[in-house]
Amino acid sequence: AGERWGVPDLCMIAARGIAADQDEYLQNRDEALKVLADTAAKSGDGLMIRYQRGMVHFLNKEYAPAYEAWSSTFADWPTDSEEAALYAFHAFSNCGAAAGFLGKWEDAKVAFERGQDLAFKVERKLDALKFGIDAAYAQWRAGLKKLAITKLAQCLNEMEQLSRTDKSTEFHTTWKV
């Protein structure tokens, strides 16, 4: 329908769903990547195509292409609302994880810090805290131990502040960290 109506975004979102089904439910990685490649050739290599390509690679433990796909999306995510930011959170988190699996800890730190910045922007304090803790861990693994301790201490202070809000359940969830 997207091709017939000349709506590339509809083609891309449909391809994303088909690729997710092919990979996650049918364990058909190659077909999932083919769907994404064919759609990118016809409709453009849009944000959700690259996001899903990252998912396919990540779920198949192909961390370098997953990192590449997700890091290519960083500047393209809408950041004007909480709802718009939710997919970006997954991309930043997953990209940081992929970088970690590759031993690229400074790149992981950057991904987590971008997620933290966005979470603060859309007022999701718990998500910002989680990204901050991940960034501190990535700093530690990158050998930036003094910075990591400083970042972790800042996160612990922020965690304590969450316990004094009307959303105190966030504090209890994060305390498990």
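Thresholds, definitions, all that
Residues numbered from 1 in each chain as written. Predicted model: local features only at pLDDT ≥ 70, side-chain atom pairs only at ≥ 80, totals over all residues. Heavy atoms only, no water. Helix = DSSP H or I, 4+ residues; strand = E, 2+ residues; numbered from the N terminus. Contact = heavy atoms within 4.5 Å. Salt bridge = Lys/Arg side-chain N within 4 Å of Asp/Glu carboxyl O. Buried < 20%, exposed > 50% of the residue type's maximum accessible area, 1.4 Å probe, protein only. Core = buried A, V, L, I, M, F, W, Y, C linked by side-chain atoms within 4.5 Å. Axes fitted to C-alpha atoms, helices over the stretch in contact; angles between N-to-C directions. Parallel < 35°, antiparallel > 145°, perpendicular 65-115°, else oblique. Left-handed = near helix turned anticlockwise from the far one by under 90°. Polar contact = N/O pair within 3.5 Å; in protein donor to acceptor, adjacent residues only side chain to side chain. Expected span 1.5 Å × (residues − 1). Phe/Tyr/Trp six-rings, centres within 6.5 Å; stacked < 30°, edge-to-face > 60°.

**What about the side chain of glutamine 139?**
- Tracing the sequence through the fold places glutamine 139 in helix 8 (residues 125-141).
- With residues near it in sequence (within four places) discarded, glutamine 139 still touches Lys109, Glu113, Leu144, Lys145, Leu147, Ala148 and Lys151.

**A short note on the pattern of salt bridges**
- All told, the structure shown has nine salt bridges when counted by the stated rule.
- Arginine 124 is paired through a salt bridge with glutamate 82; the nearest N and O atoms lie 2.6 Å apart. Separated by 42 residues along the polypeptide, arginine 124 in the loop between helix 7 (105-121) and helix 8 and glutamate 82 in helix 6 (residues 82-101) bring together distant segments of the chain.
- According to the relative accessible area criterion, glutamate 82 is partly exposed, its value standing at 39%.
- Taken together, the salt bridges that share partners define one network made up of Arg29, Asp30 and Glu62.

**Overview of the environment of valine 7**
- Following the sequence through the fold, valine 7 ends up in the loop between helix 1 (2-5) and helix 2 (8-25).
- Between the C-alpha atom of valine 7 and that of serine 43, which follows or precedes it by 36 residues, the distance is 8.5 Å.

**A word on the nonpolar core**
- Counting 30 residues, the largest nonpolar core has Tyr51, Trp70, Trp77, Phe89, Phe92, Ala98 and Leu118 as its most contacted members.
- Mapped onto this core, the elements with two or more residues apiece are helix 4 (47-59), helix 5 (63-71), helix 6, helix 7 and helix 8.
- With eight residues, helix 6 is the single largest residue contributor to this core.
- With sequence-adjacent residues up to four places away left out, tryptophan 77 is seen in contact with Leu47, Met48, Tyr51, Tyr87, Ala88, Ala91 and Phe92.
- By size, the runner-up hydrophobic cluster in this structure holds 10 residues, among which are Ala32, Leu33, Leu36 and Ala40.

**Thoughts on the packing of helix 4 against helix 5**
- Where helix 4 contacts helix 5, the axes come no closer than 8 Å and their chain directions differ by 165°. In terms of their interaxial angle, helix 4 and helix 5 are classed as roughly antiparallel. Classified by chirality, the crossing of helix 5 by helix 4 is left-handed. Contacts between helix 4 and helix 5 involve Arg50, Tyr51, Arg53, Gly54, Met55, His57 and Phe58 from the former and Tyr63, Pro65, Ala66, Ala69 and Trp70 from the latter.

**As for the environment of tyrosine 63**
- With respect to the element layout, tyrosine 63 can be found in helix 5.
- In this structure tyrosine 63 comes out as buried when scored by relative accessible area, which is 16%.
- Put simply, tyrosine 63 and alanine 98 are 35 residues apart on the chain and 5.1 Å apart in space, counted from C-alpha to C-alpha.
- Excluding its chain neighbours within four sequence positions, the residues that come into contact with tyrosine 63 are Phe58, Ala98, Phe101 and Leu102.

**Overview of the side chain of arginine 50**
- Mapped onto the elements of the fold, arginine 50 is located in helix 4.
- Within the structure, arginine 50 has its side chain in polar contact with the side chain of aspartate 76 (distance 2.7 Å).
- Not counting chain neighbours up to four residues away, the residues in contact with arginine 50 comprise Asp45, Ala69, Ser72, Thr73 and Asp76.

**Section: helix 8**
- In this model, helix 8 (17 residues) spans 24 Å end to end at C-alpha, consistent with the 24 Å of a helix rising 1.5 Å per residue.
- Every buried residue of helix 8 is accounted for by Leu126, Asp127, Ala128, Leu129, Phe131, Gly132, Ile133, Ala135, Ala136, Ala138 and Gln139.
- Following helix 8 by one or two positions, glycine 143 has its phi on the positive side, about 90°.

**Concerning the packing of aromatic side chains**
- Throughout the structure, instances matching the rule amount to nine aromatic pairs.
- Their ring planes at 90° and their centres at 5.7 Å tell us that tyrosine 51 and tryptophan 77 sit as a pair that is edge-to-face. Linking tyrosine 51 in helix 4 with tryptophan 77 in the loop between helix 5 and helix 6, this pair joins segments that are 26 residues apart in sequence.
- Residue tyrosine 51 is classed as buried on the basis of its relative accessible area, which comes to 4%.
- The exposure class assigned to tryptophan 77 is buried, which follows from its relative accessible area of 6%.
- Consider the rings of phenylalanine 58 and tryptophan 70, whose centres lie 5.4 Å apart with planes at 55°: the pair is tilted. Remark: tryptophan 70 occurs in helix 5 and phenylalanine 58 occurs in helix 4; sequence separation between them is 12 residues.

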